[in-house]
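Residues per chain, in single letters:
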Amino acid sequence: IMDLHHFPLWEQEVHDLLQAHFAELSSCFLGYARSISETSAEDALEMSMSEFKDFVTDCGLITKSCSFELMTNTFVKANATNTADVRAQHADSRKNAAGKTEAQKALGGAKKVSGTNAGGEAKKDQELVLYEFLAMLVRISFWRANPTFGNFGDKAELVPVPQALSEVLNEIILPKAKRETSGQF
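Throughout, residues of each chain are indexed from 1 in the direction in which the sequence is written. With pLDDT at 70 or above as the cut-off, local features in this predicted model cover only qualifying residues; side-chain atom pairs require 80 or more to be listed or tallied, and sums for whole chains, interfaces and linings still use all residues. The side-chain values count all of the structure's non-hydrogen atoms but skip hydrogen atoms and water molecules.

> Honestly, the overall build of the protein in this entry has me stumped. Any pointers?
Only runs of H or I of at least four residues qualify as helices and only runs of E of at least two qualify as strands under DSSP, and these elements are numbered from the N terminus. The number of helices and strands found in the protein is eight helices and zero strands. Starting at the N terminus, the α and β elements of the protein follow one another as α-α-α-α-α-α-α-α. Accessibility here uses a 1.4 Å probe with only protein chains present; expressed as a share of the type maximum, an area under 20% marks a residue as buried, one over 50% as exposed, and anything in between as partly exposed. Looking at the protein residue by residue over its 185 residues, the buried ones come to 31%. Put simply, of all contacts in the protein between residues at least 6 apart along the chain, 64% involve residues at least 24 apart. With residues, only the protein chains shown are counted as cover, and all accessible areas are computed by Shrake-Rupley using a 1.4 Å probe. Surface accessibility of the protein: about 11800 Å² in total, with carbon and sulfur atoms responsible for 54%. Every residue pair with non-hydrogen atoms within 4.5 Å of one another is taken to be in contact.

Structure representation (structure tokens):
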């Protein structure tokens, strides 16, 4: 979340806000991450894209100016394990074929993610863990409150990150999101 407006000036306020609601947010996360289709205990601690869509729908996070496509991009950004590599990959995808070939020669060929027994490329992570979920909530809150931020000629007053997060948590997510309730039995 370092790329959000005025980071790190709001970092302490956001931390304190998330800390105050951590137990409830953890319960909300687990309520969606532990769907019936999970095959392992590890999967029950990760939120897939379909579970995220259920969360967004249940809470009513989608607005006219903040679409599910924007939230999907936020999901992907929160899930990126190395933002420098992601930025480089994005820049590389905008190059033409000749430029890509030159860059690959300079780097000694394309780097692959290791990890499969067959020697192939490993499947990249497509699920959020709790800390990624919390970072995603901060991003979504900011963009819901400031949908035109960064647009040329935008004169709208900027809603600070902590205020945007507080409004989304207290008015939308905490009242509407389902919770993990297995501990009550």
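> What exactly am I supposed to notice about the nonpolar core here?
What tends to happen in soluble globular proteins is that the nonpolar side chains get buried as a cluster. Counting residues in each nonpolar core, the largest one holds 37 residues, and the members touching the most others are Phe 52, Phe 55, Leu 61, Leu 169 and Ile 173. When residues of this core are traced back to their parent elements, those giving at least two are helix 1 (11-20), helix 2 (22-33), helix 3 (49-59), helix 4 (68-79), helix 7 (130-145) and helix 8 (161-176). Here Phe 52 is in contact with Met 47, Phe 68, Met 71, Thr 72, Phe 75, Met 136 and Ile 140, once residues within four sequence places are set aside. By nonpolar core is meant a set of buried Ala, Val, Leu, Ile, Met, Phe, Trp, Tyr and Cys residues that side-chain atoms within 4.5 Å join together.

> Help me out: how do you make sense of the packing of aromatic side chains in this one?
What characterises a pair of aromatic rings is the spacing of the ring centres plus the angle enclosed by the ring planes. Pairing of aromatic side chains requires ring centres within 6.5 Å, counting the rings of Phe and Tyr and the six-membered ring of Trp. Pairs whose planes differ by under 30 degrees are stacked, by over 60 edge-to-face, and all others tilted. Within this structure, the stated rule accounts for six aromatic pairs. Consider the rings of Tyr 32 and Phe 55, whose centres lie 5.3 Å apart with planes at 80°: the pair is edge-to-face. Of the two residues, Tyr 32 sits in helix 2 while Phe 55 sits in helix 3, which places them 23 residues apart along the sequence. Residue Phe 55 is classed as buried on the basis of its relative accessible area of 0%. A ring pair is formed by Phe 142 and Trp 143, whose centres lie 5.2 Å apart and whose planes are at 80°; its orientation type is edge-to-face. Taken together, the ring pairs connect Phe 29, Tyr 32, Phe 55 and Phe 133 into an aromatic cluster.

> I'm lost on helix 4 in this one. Help?
An α-helix turns once per 3.6 residues; consequently, residues spaced three or four apart project the same way. Between its first and last C-alpha, helix 4 extends 16 Å over 12 residues, near the 16 Å set by a 1.5 Å rise per residue. For helix 4, the complete set of buried residues consists of Met 71, Thr 74, Phe 75, Ala 78 and Asn 79. Within helix 4, the buried residues cover an arc of 130° as seen down the axis, which keeps them to one side. Opposite the buried face of helix 4, by more than 90 degrees, sit the exposed residues Glu 69 and Val 76. In this analysis, the expected span of each helix is defined as 1.5 Å times one less than the number of residues it contains. Taking the helix axis as origin, the arc is that swept by the directions to the C-beta atoms.

> I would appreciate a short explanation of the packing of helix 3 against helix 4 in the present structure.
Think of each axis as a best-fit line through the C-alpha atoms, taken over the contacting stretch in the case of a helix, with angles from 0 to 180 degrees between the N-to-C directions. The interhelical angle for the contact between helix 3 and helix 4, taken along N-to-C directions, is 130°, at an axis separation of 11 Å. Taken together, the axis directions place helix 3 and helix 4 in an arrangement best described as oblique. The handedness of the crossing between helix 3 and helix 4 comes out as right-handed. Two secondary-structure elements touch here, helix 3 through Met 49, Phe 52, Lys 53 and Val 56 and helix 4 through Phe 68, Met 71, Thr 72 and Phe 75. Considering only residue class, the contact of helix 3 with helix 4 consists of six nonpolar, one polar and one charged. Small angles under 35 degrees read as roughly parallel and large ones over 145 as roughly antiparallel, with 65 to 115 read as roughly perpendicular and the rest as oblique. Note on convention: near helix rotated counterclockwise from far helix by under a right angle means a left-handed crossing. Clockwise means right-handed. Gly falls in the polar group here, along with every residue not listed as nonpolar (Ala, Val, Leu, Ile, Met, Phe, Trp, Tyr, Cys, Pro) or charged (Asp, Glu, Lys, Arg).

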